[in-house]
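Structure assessment
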Amino acid sequence: MRRIELHRDDVTLSGLVGGDPGAPPVLLLHGLAGSAEELRPTAAALLAAFRVVALDQRGHGHSTRRPADLSRRAFVADAAAAVEELCGGGPVAVAGQSMGGHTAMLLAAWYPHLVGGLVMLEAGVGGAEPGDDYPARLGRWFAAWPVPFASRAAAVAHLGATPAAHAWAADLAEGEDGLRPRFDADVMEAAIAPVAAVARWDAWRSITAPTLLVRGERGTCPPAEDERMRELRPEVGYAVIEGAGHDAHLDQPAAWLTLLRGALGSMV
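Below you will find a few notes about this structure. (Residues numbered from 1 in each chain as written. Predicted model: local features only at pLDDT ≥ 70, side-chain atom pairs only at ≥ 80, totals over all residues. Heavy atoms only, no water.)

1. What about helix 7 (residues 185–197)?
Helix length check: helix 7 (13 residues) gives 18 Å between terminal C-alpha atoms against 18 Å at 1.5 Å per residue, within 8%. For helix 7, the set of buried residues is Ala185, Val187, Met188, Ala191, Ile192, Pro194, Val195 and Ala196. Contacts from the buried residues of helix 7 go to helix 2 (72–86), helix 3 (99–110) and helix 4 (134–143). (Helix = DSSP H or I, 4+ residues; strand = E, 2+ residues; numbered from the N terminus. Expected span 1.5 Å × (residues − 1). Buried < 20%, exposed > 50% of the residue type's maximum accessible area, 1.4 Å probe, protein only. Contact = heavy atoms within 4.5 Å.)

2. Section: the layout of surface pockets
The calculated volume of the largest pocket comes to roughly 1200 Å³. Residue assignment for the lining of the largest pocket shows that the elements contributing at least two residues are helix 3, helix 4, helix 6 (163–170), helix 7, helix 9 (223–232) and helix 10 (248–251). For the lining of the largest pocket, the element with the most residues is helix 4, which contributes five residues. In terms of residue class, the lining of the largest pocket is made up of 26 nonpolar, 13 polar and 10 charged. (1 Å grid on protein atoms, 1.4 Å probe; cavity = no way out; pocket = protein on both sides within 12 Å on 5 of 7 lines; lining within 4 Å. Points joined across faces, edges and corners; volume = space filled by probe spheres on them. Nonpolar A, V, L, I, M, F, W, Y, C, P; charged D, E, K, R; others polar.)

3. A look at the pairing of strand 3 (residues 25–29)
Where burial is concerned, most of strand 3 is hidden: five out of the five residues are buried. Both faces of strand 3 are covered, namely the face carrying Pro25, Leu27 and Leu29 and the face carrying Val26 and Leu28. Summarising the sheet, strand 3 and strand 4 (residues 51–56) pair through five bridges and their orientation is parallel. By the bridge assignment for strand 4, Val26 is matched with Val52. The parallel pair strand 3 and strand 4 is bridged by helix 1 (residues 40–46), and the resulting crossover is right-handed. Pairing geometry for strand 3 and strand 5 (residues 92–97), over four bridges, is parallel. Bridge pairing in strand 5 links Leu29 to Gly96. (Pairing = 2+ DSSP bridges. Right-handed = clockwise from strand over helix to strand, strands pointing away.)

4. Description of the pattern of salt bridges
A full pass over the atoms with the stated rule returns 15 salt bridges. The salt bridge involving Asp56 is made with Arg3; its shortest N-O contact spans 3.0 Å. Taken together, the residues Asp56 in strand 4 and Arg3 in strand 1 (residues 2–8) connect sequence positions 53 residues apart. Residue classification places Asp56 among the buried positions, given a relative accessible area of 0%. Judged by its relative accessible area of 32%, Arg3 is partly exposed. For Glu174, the salt bridge is made with Arg152, and the minimal N-O distance between the two is 3.2 Å. Of this pair, Glu174 sits in strand 7 (residues 173–175) while Arg152 is found in helix 5 (residues 152–159), placing the two residues 22 residues apart along the sequence. (Salt bridge = Lys/Arg side-chain N within 4 Å of Asp/Glu carboxyl O.)

5. Focus on the packing of helix 4 against helix 7
Packed helix pairs are specified by the crossing angle of their axes together with the interaxial distance, meaning the distance between the axes. Running from amino to carboxyl end, helix 4 crosses helix 7 at an angle of 160°, the nearest separation of the two axes being 8 Å. Classed by the angle they form, the pair helix 4 and helix 7 counts as roughly antiparallel. Judged by the sense of rotation from one axis to the other, the crossing of helix 4 with helix 7 is right-handed. Taken together, the residues of helix 7 that come into contact with helix 4 (itself represented by Tyr134, Pro135, Ala136, Leu138, Gly139, Phe142 and Ala143) are Ala185, Met188, Glu189, Ile192, Ala193, Val195 and Ala196. For the contact of helix 4 with helix 7, a count of residues per class yields 12 nonpolar, one polar and one charged. (Axes fitted to C-alpha atoms, helices over the stretch in contact; angles between N-to-C directions. Parallel < 35°, antiparallel > 145°, perpendicular 65-115°, else oblique. Left-handed = near helix turned anticlockwise from the far one by under 90°.)

6. Looking at the nonpolar core
One finds Leu27, Val94, Leu107, Met120, Trp204 and Ile207 to be the most contacted residues of the largest nonpolar core, which totals 39 residues. Discounting chain neighbours no more than four positions away, the residues touching Trp204 are Met105, Met120, Val125, Thr211, Leu213, Met229, Leu232, Arg233 and Val236. Val26, Ala36, Leu46 and Ala95 belong to the second largest nonpolar core, which has 25 residues in total. (Core = buried A, V, L, I, M, F, W, Y, C linked by side-chain atoms within 4.5 Å.)

7. Considering the side chain of Asp78
Within the secondary structure, Asp78 is located in helix 2. A polar side-chain atom of Asp78 sits 2.6 Å from a polar atom in the side chain of Arg8. In this structure, Asp78 is in contact with Arg8, Val11, Leu13, Leu55 and Arg58, ignoring residues within four places of it in sequence. (Polar contact = N/O pair within 3.5 Å; in protein donor to acceptor, adjacent residues only side chain to side chain.)

So yeah, pure geometry; function would need other evidence.
Next up, the structure:
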C-alpha cells in the first residue's frame, strides 16, 4: 500500500491506499490514539478483492497533529472527503473500530449516499454514564506515558505487552531523544469528549445501509446499549469474536477478517 495525503481546509489527512482502482471500495477507520498502520494487516488481507483506503484521522498518525476542530462533524466530514476523493465518490463499505466505528456510523447517517455498507467493531452510539468522565481519564492515562521511550520494547513493556501495545509501539515516531507517540494527550481527550457527550440514537435509527455489529467477547460496549441497538434495528447483523477484547482486530485477526470479508461480500 502507498501513503497518500488529502488536504482539507486547515488539515492534512494522511492514509494508506491500495488495490485495483476499479475494485469495490472499502474505507477503514481506526480508533482513538490509533492510526492507519494498525489497520495495515486488515487492509492487506482485502487488497485482492477491494480498493482499500485506511485513513489517519485528524490528530492521529501522519495527519495534522493539532487540528483546531475536533468535533464529530469535522471527523465525519474528513471521512466523507476520503470517500469522495479517494474512493471514487461512493457508495462504499465503511468499517471502523471504537471511535472510528462511531465516525463510520455518523457517516452512514449523515451522508447516506456515500455508504453502501457499515461494519462497527467495538463501537456504539456514544454517550457516557452519569458521572463517568472517561475522556479525562483517558487523557490522564496518555499524558502519564513516560515518553520518550528508549526503545519499542520499553514501550511494549510499559503499555502491557498486549497486541494493542505492540501496535502502538510499532507506530511510535523516532526522535533524537527516543520514541514518542504520534498524538498529544490533550488532543485525544478533546477528540473523544464529543463521543462521550451525546448518545446518537437518532443517527443509529436513521441508517439504512446494511450493517454488521462486531463485538469482542471481552469488549467494552455496555450490554444495555448493545441490546438497545439491536432492538432498534433488528435487521442488523451481529457477531462476537471469542477471546477478544476491545481491540478485537488485533487480538483475533483471523476471526475478524473472516467476519469482515463475509460482510463486505454482501455490501459492495
